[in-house]
Structure formats: C-alpha cells, structure tokens
Amino acid sequence: MVDLERVARFHGVLYHDSMGGAGGGFLREFFRYVDLPIEVRPIREEPHPLFHGVNPEPIPSNLGVTQEIMASVEPPSVAVATDGDADRVGVVLPGGRFFNPHQVLCVLAFYRHSKGLKGRVVKNFAVTWLLDRLGERLGFRVTTTPIGFKWIKGEFLKGDVSLGGEESGGIGFPEHLPERDGILASLLLLESIGATASGPAEQFKEVEKLVGFTHAYDRLDLPLERPLDLSRLLEPRPLAGLVPVGVDTLDGVKWLYSDGWVLFRASGTEPVVRIYVEARSPDLVRALLRESRAFVEGV
C-alpha cells in the first residue's frame, strides 16, 4: 500500500507527535523495519494516561508543542500528529502552520488519482467542497455522507472507493481496512512529498489552481443550555455581505453561498452546537463565524 521507492525520495525529517497515545514509536520502527534511512523525531512519544495534559485530538489548540518546534524547521521536513488511538492525523508544516484535514484529503485524493486509483472519494457533510470540484475536473465521483465514519465505512463496503475522510482528520483507505488509519495516512502523505518533490502546501495550491477556488476553514463549538431547534435555521440568512443561494439538510443545516458555506449541527455526544465554515479567505471565515454565532445565540 506504500510505495517505498517514492517514500525514499523524501529527504527531510519527519516529526511525529503521538500525543502520548497508541501511535508512539510506530513510524520510526516502521522505517527501521523496511530499512529506510528516514529520520523520525518523536514528540510526546511516551505513553501518558492524561495525554500530556491535552485532549488527544490533533487540532491546533492541542498541538502547540509541535507548532513551536516546527516554527524553526525548514522544508521539506514535516510533522504529523496522531490522536490517542492513532486513527486520525493532523499535519504541521515548517514555520508552524497547521495544514488542516480538508487540505490533507485534497492532496491525497489528487495524488492517488495521479497514481491511477480512479474510484470514488467519500467525504462527510462538513468536508470542503474543493473535493467535489476536484472530482468534476479529474473525472472521479464524490459521495457525501452524514457526519460519523460509520457512514463512510458503509460506502467502503459497497466498493469502488479510493479513499474517504472527515473534517476531524479521520482518513481511511478501503484496500487496507474499512476504518480510519492515521499511520497509513501519514505514510501516504510522505509518499506524495517524495513522489512530487513538493510539500503539502505546494500540492494543495495545485488543487486550488485546478478548481479555481481558494480555501479557508474554521469551526466554533458553542455550549448549549437547552436543545437547539434546528428547524428555526431552515431559512438561510445573508451573512458577512453574502447572499444565500440554497440550503442543505443532510446532517444539520448548511447555508450555501457562492463564496462559501456555513453548517450548523448539534453534537450527538456533548451539549454543544458546532458551526463549521468554509470560504475563500480567513477574513471571510472569521466574519461568517462571528455573525453565525450572534445569530445562534439570538435564536
């Protein structure tokens, strides 16, 4: 599943933040096992019952240690972070910039298509629409599911799928397992760097150029004092100067705009409403989040 000859063309250092979880040491020992001289520098490798004081979710708020280390690192080195059970992946680039899961998914879909893997790409309802546009340009189908990897797994079992993923960093490959795997996702990302001689950010810029859309994204979790009545959100409103062009209710309520979207979804596991936003620029994402929050708190 991993082209070791291409991986061997990676000439940087791979930093692996296992966040005190189950993935500690795995990448380093993998390269030792296959006899590849790739240097892996561990971060928070020691198993820890409290995950070194953070929630073991590979998102920026929990990756400060890794971002600080990467701030002074030069390309082509890269950092990957795996969560507590190592089925999710986060990526930190040289300079300390977080490379979000939407971007990782786009890079892997683009790269695997170039290798001849032409099956469907499966994504959940909160994942970037760049994948849909990439599929239109390259000729692969994109299937959108409700949020939760069990829905993506169901599509894996139907067949004709190249990969599937979610906005939280869970990425799976059906030729491996009908489940997420942060270790394999890390190795395939490294393979893409070796094969293209381009870092993840450069590969993602190719995707943006191909589809004609620049990507920015963020999420906000708001605590709920009472259940949110999503039916009151079914009529989309103008936000941040954008006029709505539609609404989608596959899972939660998504307001659609020509330059972005806003998804409102009550968590199924904790008393919060999540607001997901994708737009053309970070400034527009911040404005949409700010006005969406004000709207929800006023409902």
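Parameters and conventions
Residues numbered from 1 in each chain as written. Predicted model: local features only at pLDDT ≥ 70, side-chain atom pairs only at ≥ 80, totals over all residues. Heavy atoms only, no water. Buried < 20%, exposed > 50% of the residue type's maximum accessible area, 1.4 Å probe, protein only. Helix = DSSP H or I, 4+ residues; strand = E, 2+ residues; numbered from the N terminus. Pairing = 2+ DSSP bridges. Right-handed = clockwise from strand over helix to strand, strands pointing away. Contact = heavy atoms within 4.5 Å. Core = buried A, V, L, I, M, F, W, Y, C linked by side-chain atoms within 4.5 Å. Expected span 1.5 Å × (residues − 1). Polar contact = N/O pair within 3.5 Å; in protein donor to acceptor, adjacent residues only side chain to side chain. Axes fitted to C-alpha atoms, helices over the stretch in contact; angles between N-to-C directions.

J.: Would you mind going over the pairing of strand S7 (residues 142-145) with me for this structure?
T.: Of the two faces of S7, only one is covered, namely that formed by Thr143 and Thr145; the face formed by Val142 and Thr144 stays uncovered. Relative to S7, strand S6 (residues 120-124) runs parallel, the two sharing four bridges. Paired with Val121 across the two strands is Val142, which belongs to S7. Handedness of the β-α-β unit built from S6, helix H5 (residues 130-138) and S7 comes out right-handed.

J.: Got a minute to help me understand the environment of Gln203 in this structure?
T.: One can find Gln203 in helix H8 (residues 200-211). Once residues lying within four places of it in the same chain are set aside, the contact partners of Gln203 are Val107, Phe110, Ser192, Ile193, Thr196 and Ser198.

J.: Which parts of the structure should I look at to understand the pairing of strand S14 (residues 272-279)?
T.: Within a regular strand, the side chains alternate between the two sheet faces. Here S14 lies mainly inside the structure; eight of its eight residues are buried. Side chains Val272, Arg274, Tyr276 and Glu278 project from S14 onto one buried face, and the interleaved Val273, Ile275, Val277 and Ala279 project onto a second face that is buried too. Of the strand pairs in this sheet, strand S10 (residues 216-223) and S14 are connected by eight bridges, and their pairing is antiparallel. Looking across to S14, one finds that Pro223 is bridged to Val272. By the bridge criterion, seven bridges tie strand S13 (residues 260-266) to S14 in an arrangement that is antiparallel. Looking across to S14, one finds that Phe264 is bridged to Ile275. Counted along the chain from S13 to the antiparallel partner S14, the turn is five residues long.

J.: Help me out: how do you make sense of the nonpolar core in this one?
T.: As a rule of thumb, nonpolar side chains are buried together in soluble globular proteins. With 52 residues, the main nonpolar core has Leu14, Phe31, Val91, Ile171 and Leu190 as its most contacted residues. It is helix H7 (residues 182-196) that provides the largest number of residues to this core, a total of eight residues. Those residues in contact with Leu14 that lie beyond four places of it in its chain are Leu27, Phe31, Glu39, Val40, Arg41, Val78, Val80 and Leu190. If you look at the next biggest cluster of nonpolar residues, it comprises 22 residues, including Leu239, Leu242, Ala279 and Leu289.

J.: Looking at this structure, how should I read H7?
T.: Because each turn of an α-helix spans 3.6 residues, side chains separated by three or four positions in sequence point in the same direction. For H7, spanning 15 residues, the distance from its first C-alpha to its last is 21 Å, which sits close to the expected 21 Å at 1.5 Å a residue. Summarising burial for H7: 13 of the 15 residues are buried, a large majority. Backbone nitrogen of Ile183 and a side-chain oxygen of the N-cap are separated by 2.9 Å at the start of H7; the cap is Asp181. At the exit of H7 stands Ala197, carrying a positive phi of roughly 55 degrees.

J.: Got a minute to help me understand the environment of Tyr217 in this structure?
T.: Tracing the chain through its elements places Tyr217 in strand S10. Separated by 63 residues in the primary sequence, Tyr217 and Arg280 place their C-alpha atoms 8.6 Å from one another. In contact with Tyr217, not counting residues within four places along its chain, are Asn100, His102, Ala126, Glu167, Trp261, Tyr276, Val277, Glu278 and Val285.

J.: So what exactly am I meant to see when it comes to the sheet that holds strand S9 (residues 171-172) here?
T.: The strands that make up a sheet pair up through hydrogen bonds in the backbone, lying either parallel or antiparallel. The mixed open sheet is built from four strands, whose spatial order is S7-S6-S8-S9. On the outer flanks of this sheet lie S7 and S9, each paired with one strand and no other. Where H5 meets the sheet, its contacts fall on S6 and S7, and the angle it forms with S7 comes to roughly 160 degrees.

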